[in-house]
Amino acid sequence: MEIFISSIFSSRLLLLLLFQLFFFFTICLASTQTVILPLKTQVLPRPSGKLSFHHNVSLTVSVTVGSPPQPVTMVLDTGSELSWLHCKKAPNFHSVFDPLRSTSYSPIPCTSPTCRTRTRDFSIPVSCDQKKLCHAVISYADASSIEGNLASETFHIGNSAMPGTIFGCMDSGVSTNTDEDSKTTGLIGFNRGSLSFVTQMGFPKFSYCISGQDSSGILLFGESSFSWLRGLKYTPLVQISTPLPYFDRVAYTVHLEGIKVANSVLQLPKSVYAPDHTGAGQTMVDSGTQFTFLLGPVYTALKNEFLRQTKASLKVLEDPNFVFQGAMDLCYRVPLTKRSLPPLPTVTLMFRGAEMSVSAERLLYRVQGERRGSDSVYCFTFGNSDLLGAEAYIIGHHHQQNMWMEFDLAKSRVGFAEVRCDLAGQRLGVGA
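So, here is what we can say about the structure in this document. (Residues numbered from 1 in each chain as written. Predicted model: local features only at pLDDT ≥ 70, side-chain atom pairs only at ≥ 80, totals over all residues. Heavy atoms only, no water.)

When helices and strands are counted, the protein chain shows 6 helices and 33 strands. In the protein chain, which comprises 432 residues, the share counted as buried stands at 54%. Restricting the contact set of the protein chain to residue pairs at least 6 apart, pairs at least 24 apart contribute 69%. With the model as given, the accessible surface of the protein chain reaches about 19000 Å², and the carbon-plus-sulfur share is 53%. (Helix = DSSP H or I, 4+ residues; strand = E, 2+ residues; numbered from the N terminus. Buried < 20%, exposed > 50% of the residue type's maximum accessible area, 1.4 Å probe, protein only. Contact = heavy atoms within 4.5 Å. Areas by Shrake-Rupley, 256 points an atom, 1.4 Å probe, with all protein chains shown as cover.)

Attention now goes to the pattern of salt bridges. In the structure shown here, the tally under the stated rule is 14 salt bridges. E223 is the salt-bridge partner of K205, the closest N and O atoms lying 3.4 Å from each other. Of the two residues, K205 sits in strand β16 (residues 205-210) while E223 sits in the loop between β17 (216-221) and β18 (233-236), which places them 18 residues apart along the sequence. Overall, the relative accessible area of 9% leaves K205 in the buried class. Overall, the relative accessible area of 38% leaves E223 in the partly exposed class. A salt bridge links E406 to K205; the shortest N-O distance between them is 3.6 Å. With E406 in strand β32 (residues 403-408) and K205 in strand β16, this residue pair connects regions lying 201 residues apart in the sequence. What emerges from the salt-bridge pattern is a single network uniting K205, E223, E406, D408 and R413. (Salt bridge = Lys/Arg side-chain N within 4 Å of Asp/Glu carboxyl O.)

Right, let's talk about the environment of G231 for a bit. Structurally, G231 can be placed in the loop between β17 and β18. Spatially, the C-alpha atom of G231 lies 9.6 Å from that of V419, the residues being 188 residues apart in sequence. In this structure G231 touches F416 and A417, once residues within four positions along its chain are discounted.

Attention now goes to the side chain of D77. Tracing the backbone shows D77 in strand β8 (residues 70-77). Of the polar contacts made by the side chain of D77, one reaches the side chain of S80; its length is 2.8 Å. Leaving out residues up to four positions away in the same chain, D77 has contacts with L187, I188, G189, F190, N191, D286, S287 and G288. (Polar contact = N/O pair within 3.5 Å; in protein donor to acceptor, adjacent residues only side chain to side chain.)

All right, on to helix α4 (residues 296-310) then. Taking 1.5 Å as the rise per residue, α4 with 15 residues should run 21 Å; its terminal C-alpha atoms sit 21 Å apart, in good agreement. For α4, every residue scored as buried is listed here: G296, V298, Y299, L302, E305, F306 and T310. (Expected span 1.5 Å × (residues − 1).)

Put plainly, two cysteines are in a disulfide when a covalent bond ties their sulfur atoms together. A full pass over the atoms with the stated rule returns 5 disulfides. Shown here is the disulfide that connects C115 with C134, its sulfur atoms set 2.1 Å apart. Between C115 and C134, the disulfide has an S-S torsion of 85° and is therefore right-handed. Placement of C115 in helix α1 (residues 113-117) and of C134 in strand β12 (residues 134-139) is noted, with a sequence separation of 19 residues between them. The pair formed by C115 and C134 is uniform in burial state, with each residue classed as buried. Here C209 connects covalently by a disulfide to C421, the sulfurs 2.0 Å from one another. (Disulfide = S-S within 2.5 Å.)

With antiparallel pairing, the 4 strands of this open sheet are ordered in space as β21-β20-β26-β27. A strand with exactly one partner marks an edge of an open sheet, and here the two such strands are β21 (264-265) and β27 (354-358). As paired elements, strand β20 (residues 256-261) and β21 share 2 bridges and run antiparallel to each other. Considered in β21, the bridge of V261 is made with S264. Across the sheet, α4 is in contact with β20, β21 and β26 (347-351); its angle to β20 comes to roughly 20°. (Pairing = 2+ DSSP bridges. Axes fitted to C-alpha atoms, helices over the stretch in contact; angles between N-to-C directions.)

Here it is as structure tokens:
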């Protein structure tokens, strides 16, 4: 079975576009069922009965869960394993899932093999609550956390029902952004863990393609063998069998071996890009993060080289107190009268067996609401992981625009190729 899902990606703090999905189903001559969900962009309130994506936090999809189905909105995150829903009403939540209204809801006891063995990659070990149910606490890099009980339930995406899906029914947590969190009901985890949504569905691979024009795109489950999709380059996933304190074994971790600005390779040893003996320093491809973050020494070298190559064409924002999103301290002043940015040197991420080039408008991001006199403020879209408190390199979705990104779980590799994602959507009958 292949499921094509139109998708959009977004930042944690900005952009509130609402994307509506209008779906139809095609049954192939073979036994394989193909579900295609075309994307239509609207700035109107969401009509009932439509699958919708919201340009907020990261990819969010409106689906239904339970029997009878309850509508929920979930963030899709390739950096997370456990899918979860808010199950307790709170004043700041617009939407919650009520397990008492569902006949297919079943809590997982702490004696279950699911609780005892399939949660081994959780950063915080599960426990047994007073009702002898499997209790999980999930924490995130931004210091937010959520906790509740594991359960099984029927998830519906389009007209496809997936009974027995394991998820977290969460009743408490700590949020660093309550305004944004209140707009969704939960999260769908898409990493390589035993309980991730993509693992439970049993698909050997999935792909996505994000348009650079309107941030619309495609999320595809299954094979992507199209005649127009050529030049896919693959880089292997890092395999570490021994548990290390700072290494996420179920993330999409790749081998970053170097970075160049235009034709100048940063003069750093390859070892600086590799995880150390504790596992710190892995390079993760993450749909739930907007921009790309590099560990301190590499970020500083890239920042200095980019500054050197743009000093004649860009005016640096001389404000030491301004750090965009807490980790991006290279910003520029650009006159409001300018309709386009000057030519910028391409930044290329050099992976084992493949390269990813970031160019033009993807290198600088206009900070909404920030002005200095008659100038707008643009910031370099690479940030310092050290300022985030993250011990990793993170490749965000902003730098994956107009890239066909394929996550091949069966062959433990990630492939990508430059494509026009808007045209790819048209070829697939999506977003036309």
